[in-house]
Amino acid sequence: MKKRENWSWRGAFVFAVLGSAVGLGNAWRFPYMVAQNGGGAFLIPYIFALLTAGIPLMMLEFGIGHKFLGAPPIAYRRANKKLEMVGWWGNAASFVIITYYGVVLAWAINYLVHALTLAWGDDTTGFFLNFLRVSEGPHILGGLNVPVLIAFVIGWIMVIAIIRSGVTGLGKVVVFTAIAPVILLIILSIRGITLEGALAGLDYYLSPNFAALADLTVWRDAYSQVFFSLSLGMGVLIAYASYLPRDAELSNNVFIASLADAGIAFLAGLAIFSTVGYMAAQQGAAVADVAGSGGIGLAFMVFPQVINLLPGAAAFGVIFFLLLITLAIDSQFSLVEGCVGAVMDKWNLSRGTALAIVSLPGFLIGLVFVTNGGLHWLDIVDKFVNGYGLIVVGLVECIAIGWIIGPQKIRDHVNGLSEIKVGKWFDFCVKYLTPAALIFILVFNLIIDIKEPYGGYPQWALNVGWAMVILLPIVAFIFSKLKTAKEADEFVEEQS
Ligand code: PFF
């Protein structure tokens, strides 16, 4: 077997994991999830989900990738031949995310150009809707949005260029892309907090709303946000861990990555909601209304507001969107890399061929989201792939490891390498706690979603979302049955 590629230096892995985890999920998705779920209602379930699913599953994925040395399908296959499909299932879900993640990245690239002249003016909300020329509903696709299309192509070219350079290259890019954005978010938060009305915004964000905890959709959104934000269930972390040297520390990296990711999302929330408080005060509106009306464009409506209010606004805006782009790029390439790794390992293909197999369809399908109806479809697909697709994959992973492979095998492997030992709590989480929480959420949300169509979209459009969720395991099954290169079945224990 070929020698497996390795990270170029020790810190590269944790930076790469951070680079994958910290992305649009923190700065764009987290704030709108908070807003959609009524502000302070969200944080408690979020923290709960982080502890009960985020940390154990991250440990599990690092353990599998590192022990069985492969991108997800092959790693699972080596653990147990029947389980290869679990890996592909995650890859299939990540492929769906690839298609629309690049489009949000393209919005950010457009905003970088708009920042030069502060083109958004004072009405940043109107500007966003106008910029996307959003159609009335998912039934009207309209034409392609040319500025977004151009940026979409540029984004893909950048991602492909980075991936072509291989894992050694990744290690270098991520150091910059993971750290710099944090500094800017701190500046934005400080400016946001000192604005008039900010306190009302922070109150909305931070005061716990215990009554809302009874609403199960809040819990579903919290779990899916944790999956999305930590890059879990999609095989990315399995693939990354497989590139680690044989004597790597695993468990402390889990804690560093998961807590830093949550911290950065929290910071983005501070910047966003203090500014939302300011916007509400300016408009004489309620904070909840301003936050809730933003929908999935919230971050793009709010960040420009606070940027307007900084000295040297245009320069700051340019730097901010530049960093948002770098943040998004390393997440997008981790998604693509997870699938590329799977295709490479399964058929023993070259990196270039695998990259073409993944990115061409990823790009073409993504064009749907570049149309005028794209925002509606992005909303629907994002909701279904995260709310159902990922949660089901997480559940299947727990069953595979908890009940078939045995959590202890993974724990022993991790403990054999790490200073921080993982206790029996891990087995309990993987076997009982995490799956129970996920099943509970799935069942109740299924009932809620069937009763009341999400987002007021027509049923036929939501059916596309359901069809996609159902297709994921079917595609995964078919892929797992395709012939595997014989190299993939040779298992090398010692290397490096
Ligand atoms: N975690 C990334 C973010 O928060 O933006 C998005 C992401 C990357 C999701 C990689 C899934 C993944 F596998």
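Look up a bit, the structure's there.
Residues numbered from 1 in each chain as written. Predicted model: local features only at pLDDT ≥ 70, side-chain atom pairs only at ≥ 80, totals over all residues. Heavy atoms only, no water.

Q: Before we move on, could you go through the overall build of the chain and cite the residues and values that matter?
A: Per the secondary structure count, the chain includes 21 helices and zero strands. Buried positions account for 63% of the 496 residues belonging to the chain. Carbon and sulfur atoms make up 69% of the accessible area of the chain, which amounts to about 17,800 Å² in all. The distance from the centre of the 28 positive side-chain charges to the centre of the 30 negative ones in the chain is 12 Å. (Helix = DSSP H or I, 4+ residues; strand = E, 2+ residues; numbered from the N terminus. Buried < 20%, exposed > 50% of the residue type's maximum accessible area, 1.4 Å probe, protein only. Areas by Shrake-Rupley, 256 points an atom, 1.4 Å probe, with all protein chains shown as cover. Lys, Arg positive; Asp, Glu negative; His and termini not counted. Charge placed at Lys NZ, Arg CZ, Asp CG, Glu CD.)

Q: Go over empty space enclosed by the protein, please, and point to the residues and values.
A: Scanning the entire structure with this criterion turns up seven cavities of 30 Å³ or more. Each pocket or cavity is described by its volume, and for the largest cavity that value is around 110 Å³. The wall of the largest cavity is formed by 14 residues, among which Ser 20, Tyr 101, Phe 228, Ser 231 and Leu 335 lie closest to the centre. Counting only elements with at least two residues in the lining of the largest cavity, the list comes to α1 (10-21), α5 (84-117), α10 (216-229) and α15 (313-347). Sorting elements by how many residues they give to the lining of the largest cavity places α15 first, with three residues. For the lining of the largest cavity, the per-class residue count stands at seven nonpolar, seven polar and no charged. (1 Å grid on protein atoms, 1.4 Å probe; cavity = no way out; pocket = protein on both sides within 12 Å on 5 of 7 lines; lining within 4 Å. Points joined across faces, edges and corners; volume = space filled by probe spheres on them. Nonpolar A, V, L, I, M, F, W, Y, C, P; charged D, E, K, R; others polar.)

Q: How would you sum up the state of the cysteines? Please name residues and give values.
A: Tallied over the full model, the rule gives zero disulfides. You can see Cys 398 has no disulfide; the closest cysteine sulfur is in Cys 429, sitting 8.8 Å from it. With relative accessibility at 0%, the residue Cys 398 sits in the buried group. (Disulfide = S-S within 2.5 Å.)

Q: Explain the layout of surface pockets to me, using residue names and the numbers behind them.
A: Computed from the structure, the largest pocket encloses a volume of approximately 590 Å³. Lining the largest pocket are 24 residues, with Ala 92, Phe 95, Val 96, Thr 99 and Ile 365 positioned closest to its centre. Taken together, the elements giving at least two residues each to the lining of the largest pocket come down to α5, α15, α16 (351-366), α17 (374-405) and α20 (459-481). Of all the elements, α20 adds the most residues to the lining of the largest pocket, at seven residues.

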